[in-house]
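The chain contents come next:
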Amino acid sequence: MSEVEVPEDHPRYESLLTRHRIEEGVAKGITSQQGLIAQGRGEAFDYLLGEETTPSADAAERAASAHLLLAEHPVLSVNGNVAALCPDELVELAEAVDADLEVNLFNRTAERMEAIADHLREHGAEDVKGLNADARIPGLSHERAKVDADGIHDADVVVVPLEDGDRAEALAAMGKTEIVIDLNPMSRSPQTATVPIVDNVLRAIPNITRHARDLADATDAELREIVESFDREAALEDAERRIRRGDWD
Ligand code: PTJ
């Protein structure tokens, strides 16, 4: 048995563990109730993808790590789902690529902002941004537009896991390089991303960290080559083909 009362040899172990983390996130006031629905949607896509990182998702994760290593000011945006699912992995990625962590919520309340910042600190984050909210993303309704002036507003590269489409578009319109992690390749956020990653955040975040560590000694020219050779359209098409047709090569 592990952190949940599910035997580790249960065929749906990973999925049940993930559900448990989201449920616990709701109980702790970290994850919104809508987060439960988002989780269910994600699970369905993940099932169709074979619940594994596809070769094209792995290529996207490598490109994401190269973007993050080249960035002047990378920021990882954190919502209530990712905070509940993979707080340790977010802190590790932030350390590996020297990025800021910023809480940025779709359903923003002061209580959830504080609860998520505390949760990240409990998992080792030193500095958590998002609470000042002294800048705005242009073109969005008030609450969702709130960001920190020295965080997402100033960032050149932003990782946005499970983002809502509007905000992904608004960040792209600000000229930021956007790395979106979303299991639905047809959703607007991956469609507008510089690097769409169609994979479960639970696998994607540690895999970006792994690539970043592998590339720690790469030159800027080598990193730029990885960024430039990544084909976002091919990545989206590959994921959609796999989901619609079960086409696995
Ligand atoms: O914490 P908040 O207030 O910022 O709210 C976060 C949610 C996720 C509730 C909010 O952004 C939302 O409602 O998102 P949507 O519109 O439901 O979109 C969520 C997307 O993430 C869907 O396309 C899901 O397929 C996808 N998704 C869900 N779980 C995962 C995922 N993608 C990657 N990994 C997952 N574990």
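In this report, we go over the structure that sits alongside the text. (Residues numbered from 1 in each chain as written. Predicted model: local features only at pLDDT ≥ 70, side-chain atom pairs only at ≥ 80, totals over all residues. Heavy atoms only, no water.)

1. What to know about the layout of surface pockets
Step number 1: Within this model, the largest pocket holds a volume of roughly 740 Å³.
Step number 2: Around the largest pocket, the lining comprises 35 residues; the ones closest to its centre are A38, R41, N81, L162 and E163.
Step number 3: Those elements that provide at least two residues to the lining of the largest pocket are α2 (33-49), α4 (80-85), α8 (165-173), α9 (188-192) and α10 (201-214).
Step number 4: For the lining of the largest pocket, the element with the most residues is α2, which contributes 9 residues.
Step number 5: Roughly 270 Å³ of internal volume is contained in the second largest pocket.
Step number 6: Taken together, 14 residues form the lining of the second largest pocket, with E14, S15, T18, D46 and R203 sitting closest to its centre.
Step number 7: Of all the elements in the fold, those that place two or more residues in the lining of the second largest pocket are α1 (13-27), α2 and α10.
Step number 8: Take the lining of the second largest pocket: its biggest share by element is 4 residues, from α1.
Step number 9: Of the residues assigned to the lining of the second largest pocket, the class counts are 3 nonpolar, 5 polar and 6 charged. (1 Å grid on protein atoms, 1.4 Å probe; cavity = no way out; pocket = protein on both sides within 12 Å on 5 of 7 lines; lining within 4 Å. Points joined across faces, edges and corners; volume = space filled by probe spheres on them. Helix = DSSP H or I, 4+ residues; strand = E, 2+ residues; numbered from the N terminus. Nonpolar A, V, L, I, M, F, W, Y, C, P; charged D, E, K, R; others polar.)

2. Here's the deal with the pairing of strand β7 (residues 177-181)
Step number 1: The element β7 is largely enclosed, with a buried count of 5 among its 5 residues.
Step number 2: On β7, burial covers both faces: T177, I179 and I181 on one face and E178 and V180 on the other are all buried.
Step number 3: Taking the sense of rotation as the criterion, the β-α-β connection linking strand β6 (residues 157-161), α8 and β7 turns out right-handed.
Step number 4: Here β7 runs beside strand β8 (residues 195-197); their pairing, made up of 3 bridges, is parallel. Bridge pairing in β8 links V180 to P196. (Buried < 20%, exposed > 50% of the residue type's maximum accessible area, 1.4 Å probe, protein only. Right-handed = clockwise from strand over helix to strand, strands pointing away. Pairing = 2+ DSSP bridges.)

3. Concerning the pairing of β6
Step number 1: Within β6, 5 of the 5 residues are buried, which leaves it mostly tucked inside the rest of the structure.
Step number 2: Where burial is concerned, the two faces of β6 agree: the one with V157, V159 and P161 and the one with V158 and V160 are both buried.
Step number 3: The pairing of strand β1 (residues 74-78) with β6 spans 3 bridges and is parallel. Its bridge partner lying in β6, V75 is registered against V158.
Step number 4: As defined by bridge partners, β6 adjoins β7 across 5 bridges and the pair is classed as parallel. Within β7, the position partnered with V157 by the bridge is T177.

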